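Residues per chain, in single letters:
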Amino acid sequence: RGGIRNKTPIDDLLKFGKLDGCKEAENSMLDMYMLSMADAYIGKFSSNIDRVAYNLMFARTGAHQPYISLDNNWCFDFAVR
């Protein structure tokens, strides 16, 4: 995303009031909703936000939609050992 976040840890930005955690959560939910309204998916299944968006897409349509993952195939236990 760039800007101030690249130089300061997010925890510090939240602590010192330079970042609004509620607004960030709201923006993330809006991103997931907007992604889920697409007719097809192009993104990374290693991203939790992208996986939630694809799940919402399935819930909306009742069927799997066409997708292209830029890194991994769908995996329910990604990064879990």
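Refer to the structure printed above.
Residues numbered from 1 in each chain as written. Predicted model: local features only at pLDDT ≥ 70, side-chain atom pairs only at ≥ 80, totals over all residues. Heavy atoms only, no water.

Another point: a nonpolar patch on the surface. The grouping of Leu30, Tyr33, Met34 and Met37 at the surface amounts to a nonpolar patch, some 420 Å² of accessible area in total. Residue placement: Met34 occurs in helix 2 (residues 21-36). (Patch = residues over 30% accessible without salt bridge, like charges linked within 9 Å, V, L, I, M, F, W, Y side chains within 5 Å. Areas by Shrake-Rupley, 256 points an atom, 1.4 Å probe, with all protein chains shown as cover. Salt bridge = Lys/Arg side-chain N within 4 Å of Asp/Glu carboxyl O. Helix = DSSP H or I, 4+ residues; strand = E, 2+ residues; numbered from the N terminus.)

The next subject is helix 3 (residues 48-61). Taking 1.5 Å per residue as the helical rise, helix 3 with its 14 residues ought to reach 20 Å, and the 20 Å between its terminal C-alpha atoms agrees with that figure. Along helix 3, the residues classified as buried are Asp50, Arg51, Ala53, Tyr54 and Met57. Buried residues of helix 3, seen end-on, are gathered within an arc of 160° and therefore sit on one face of the element. The exposed set on the far side of helix 3, more than 90 degrees from its buried face, consists of Asn48 and Ala59. (Expected span 1.5 Å × (residues − 1). Buried < 20%, exposed > 50% of the residue type's maximum accessible area, 1.4 Å probe, protein only. Arc of directions from axis to C-beta.)

Looking now at the packing of aromatic side chains. As enumerated under the stated definition, the model contains five aromatic pairs in all. Where Phe45 meets Tyr54, the ring centres are 5.5 Å apart and the plane angle is 70°; that geometry is what we call edge-to-face. When sorted by exposure, Phe45 lands in the same class as Tyr54, which is buried. Plain terms: the ring middles of Tyr54 and Tyr67 are 5.8 Å apart, the flat faces sit at 70° to each other, and that makes the pair edge-to-face. Of the two residues, Tyr54 is situated in helix 3 and Tyr67 in strand 2 (residues 67-69); the sequence distance between them amounts to 13 residues. (Phe/Tyr/Trp six-rings, centres within 6.5 Å; stacked < 30°, edge-to-face > 60°.)

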